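What the coordinates show
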Amino acid sequence: MIRDITLGQYYPGSSAVHRLDARTKIIATLIYIVALFVVKNFWGFLIAGAALFAVIEVSKVPVKFIFRGLTAVFMIIAFTFLINLFMVDGRVLWQWKFLSITEEGVNRAFFMAVRLVLLIIGSSLMTLTTKPIELTDGLEKLMKPFSKIGVPSHEIALMMTIALRFIPTLMEETDKIIKAQQARGADFESGNLIRRAKALIPILIPLFISSFRIAQDLALAMEARCYHGGSGRTRMNQIRFHRGDAIAALLVIVFLVAIVLSRFINVPI
Amino acid sequence: MAFIEVKNLILEFAKYDDAGKPVSSKRALDGVSLDIEKGSFVAVVGMNGSGKSTLAKCLNGLLLPTEGSVTVDGMSTADDEHIWDIRSRVGMVFQNPDNQLVSSIVEDDVAFGPENLGIEPDEIRRRVDDALRKVGMYDKKDKGAHMLSGGQKQRIAIAGAVAMRPDCIVFDEPTAMLDPAGRKSVMEIIEELNSEGITVVLITHFMEEALEADRVIVLRTGQLLADRSPKELFADAELVREAGLEMPPVIELRDRLGLDKSIMSKDELVDACLL
């Protein structure tokens with residue numbers, strides 16, 4: 001079940017997007033997200049959608065793969081859509097008792113849904129084309145200037161690396177505990193929602209304990225390998241900006257200008 | 001002067017009550033003294049709770065002596081100034097292959113130790129490639145750690161220690177959680193590292209692994225029971241039983257067949273039977 005969520009997954013490849021510096025991709029994604037909130041009308045989304053589609057094409061990540069990630073957040077999108085549909089005042093199109101749909105509501109609902117879809121696809125595209133380890137390295141480098149004001153950039157990056165490393169280990173551990181409980185007659189499948197949630201407790205507690213044990217083992221192993229914080233530490237993989245990153249930066253600027261200009265288009269779509 | 005000198009080492013773990021006050025203490029090591037020469041292969045054996053893992057953790061300052069001292073190349077592990085120098089010279093490989101890898105990518109994990117030492121990136125790359133070749137995992141260098149078998153993960157952990165270019169590696173029951181194939185490959189690597197001049201301290205409860213060592217140290221309830229060559233140790237059935245250990249299968253078979261006491265390996269045993 002957890003394996004179906006594409007948000008945060010990596011799709012191996014060697015396209016121009018994959019080869020970009022992680023920092024470029026992080027910043028570009030941030031600008032893209034901000035741009036989505038600058039957008040005032042559907043022209044802006046048309047530009048953002050076209051840009052996104054172009055990047056997907058270049059990245060060679062199958063569109064089907066990307067849309068599969070959307071199904072996991074379908075409920076959120078549907079909920080946002082319905083709330084906006086019914087809650088906005090304006091010229092009434094349809095009414096049933098206290099429920100009413102207005103023209104403005106329909107507009108707003110589609111607007112918000114498109115924004116969410118573009119947001120999710122855009123940010124999942126970043127993780128799909130960047131190795132988790134490059135992503136954490138990039139974040140560490142980007143946060144470095146903030147370490148002067150006390151942001152523990154190295155620690156945050158290391159925590160993310162370790163978290164990523166131990167996801168499969170903890171999943172295996174969970175599997176083992178579930179099987180052990182089932183072997184002794186535990187029932188996780190029948191009963192109503194509350195009952196099933198309660199049945200999870202005997203899984204969560206041993207999992208919690210074993211994750212502490214793993215943490216202790218790992219801490220010892222790290223100490224034995226001379227880990228003593230981020231100061232005086234070097235990195236094997238030096239990340240550097242290349243020509244591709246300059247081109248990408250240029251394209252992002254063009255995109256941002258286009259989005260800002262789109263606010264002044266008054267022709268309805 | 002020996003490379004590692006353990007002098008009258010006492011290590012106590014305090015027990016705490018619910019309020020966090022120490023109520024009693026348990027002696028895990030009780031007056032252990034031994035020397036480990038550079039380039040030697042020392043096995044440490046003993047029952048569960050004999051203090052062998054505790055001893056291992058004292059050798060690189062993960063645990064500090066309550067009394068007595070541990071010195072590595074003349075530096076005391078209790079000396080804060082030298083602790084990182086000691087740990088870079090005495091590497092360590094632990095029992096659980098899953099819980100000692102830091103990074104999800106094989107080569108990034110091997111690079112973790114050298115990165116902590118602040119070595120130049122090009123040199124780290126060279127060391128990582130070297131270490132991975134040494135353990136036969138070079139072709140898996142950009143694989144995910146979770147895709148590997150237990151034995152392969154343990155080889156990565158060994159590469160992680162080797163990449164720091166230590167003089168000595170302490171192995172704390174490295175094969176305990178592996179299948180026979182993984183155990184064999186790990187033992188072969190350990191022997192090869194030793195033949196290249198790296199001092200090996202192998203904590204184990206497999207007596208056939210202790211047979212490979214130059215010297216076997218036997219611990220019982222935190223005390224040094226014996227410190228002798230495998231040949232001498234396994235000639236003394238009384239002592240082996242007293243330590244709560246078993247005879248290695250080869251020796252057991254040799255003695256039951258009434259063969260010559262100089263036979264120490266499977267190959268020699270087979271030869272003696274065929275003659």
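In this text, all values refer to a predicted model and were calculated from it rather than measured experimentally. (Residues numbered from 1 in each chain as written. Chains lettered and ligands numbered in written order. Predicted model: local features only at pLDDT ≥ 70, side-chain atom pairs only at ≥ 80, totals over all residues.)

1. A word on the overall build of chain A
Counting its secondary structure elements, chain A contains eleven helices and two strands. Element order for chain A, N to C, with α for helix and β for strand: α-α-α-α-α-β-β-α-α-α-α-α-α. Taken along the three principal axes of its C-alpha coordinates, chain A extends 65 × 55 × 40 Å. Here chain A holds 269 residues, and the buried ones make up 22% of them. Counted over contacts in chain A with a minimum sequence separation of 6, partners at least 24 positions apart contribute 75%. (Helix = DSSP H or I, 4+ residues; strand = E, 2+ residues; numbered from the N terminus. Buried ≥ 20, exposed ≤ 12 C-beta atoms within 10 Å, placed from the backbone. Contact = placed C-beta atoms within 7 Å.)

2. Quick word on the sheet that holds strand β2 (residues 22-36) of chain B
Each strand in a sheet pairs with its neighbour through backbone hydrogen bonds, running either in the same direction (parallel) or in the opposite one (antiparallel). The strand order across the open sheet formed by four strands is β2-β1-β4-β5 (chain B), and the pairing between neighbours is antiparallel. Since the sheet does not close on itself, it has two edges, and those belong to β2 and β5 (75-76) of chain B, each with one partner. (Pairing = 2+ DSSP bridges.)

3. As for unusual backbone geometry
All names here are of chain B. Its identity as a non-glycine residue notwithstanding, N8 has a phi of 45 degrees, on the positive side. Secondary-structure assignment places N8 in strand β1 (residues 4-16). On the basis of neighbour count, N8 is assigned to the exposed category, with 12 C-beta atoms found within 10 Å. Its identity is not glycine, yet T221 carries a phi of approximately 40 degrees, on the positive side.

4. Some remarks on the domain arrangement of chain A
Under the domain assignment, chain A is made up of domain 1 (1-130 + 239-269) and domain 2 (150-237). One C-alpha centre belongs to domain 1 of chain A, the other to domain 2 of chain A; they are set 32 Å apart. (Domains from an automatic or database assignment.)

5. Focus on the packing of helix α3 (residues 106-116) of chain B against helix α5 (residues 150-162) of chain B
Residues and elements named next belong to chain B. Their axes nearest at 7 Å, the elements α3 and α5 cross at an angle of 35 degrees. Note on packing geometry: the crossing formed by α3 with α5 is right-handed. Contacts between α3 and α5 involve V106, D109, V110, F112 and G113 from the first element and I156, A159, G160 and A161 from the second. For the contact of α3 with α5, a count of residues per class yields six nonpolar, two polar and one charged. (Axes fitted to C-alpha atoms, helices over the stretch in contact; angles between N-to-C directions. Left-handed = near helix turned anticlockwise from the far one by under 90°. Nonpolar A, V, L, I, M, F, W, Y, C, P; charged D, E, K, R; others polar.)

6. Observations regarding the sheet that holds strand β8 (residues 199-203) of chain B
Residues and elements named next belong to chain B. One open sheet holds the six strands; their spatial order is β6-β7-β8-β3-β9-β10, and the pairing between them is mixed. Looking at which strands have only one partner, the edges of the open sheet turn out to be β6 (90-93) and β10 (223-228). For this sheet, the mean angle separating the axes of adjacent strands, direction not counted, is 20 degrees. In this structure, strand β7 (residues 168-172) lies alongside β8, joined through five bridges in parallel fashion. Across the sheet, V170 pairs through a bridge with V201, a residue of β8.

7. So, the pairing of β6 of chain B
Residue and element names in this part refer to chain B. Here β6 shows two buried faces, one formed by V90 and M92 and the other by G91 and V93. Strand direction decides the pairing type here: β6 and β7, joined by four bridges, are parallel. Bridge assignment links V93 to a residue of β7, and that residue is F171.

8. Things to note about the pairing of strand β1 (residues 92-96) of chain A
Residues and elements named next belong to chain A. In terms of burial, β1 is a largely surface element, zero of the five residues being buried. The pairing of β1 with strand β2 (residues 99-102) spans four bridges and is antiparallel. Paired with W96 across the strands is L99, a residue of β2. The turn linking β1 back onto β2 is made up of two residues, and K97 within it adopts a positive phi angle of 50 degrees.

9. Focus on the confidence of the model for chain A
All names here are of chain A. Confidence in the prediction of chain A, expressed as mean pLDDT, is 86, and 97% of residues score 70 or more. Across chain A, the element-wise mean pLDDT spans from 78 in β1 up to 93 in helix α2 (residues 22-38). Predicted confidence is poor over residues 1-7, with pLDDT under 50, and the contacts of this stretch with residues over four places away or in other chains come to 13 contacts. (pLDDT = per-residue confidence, 0-100.)

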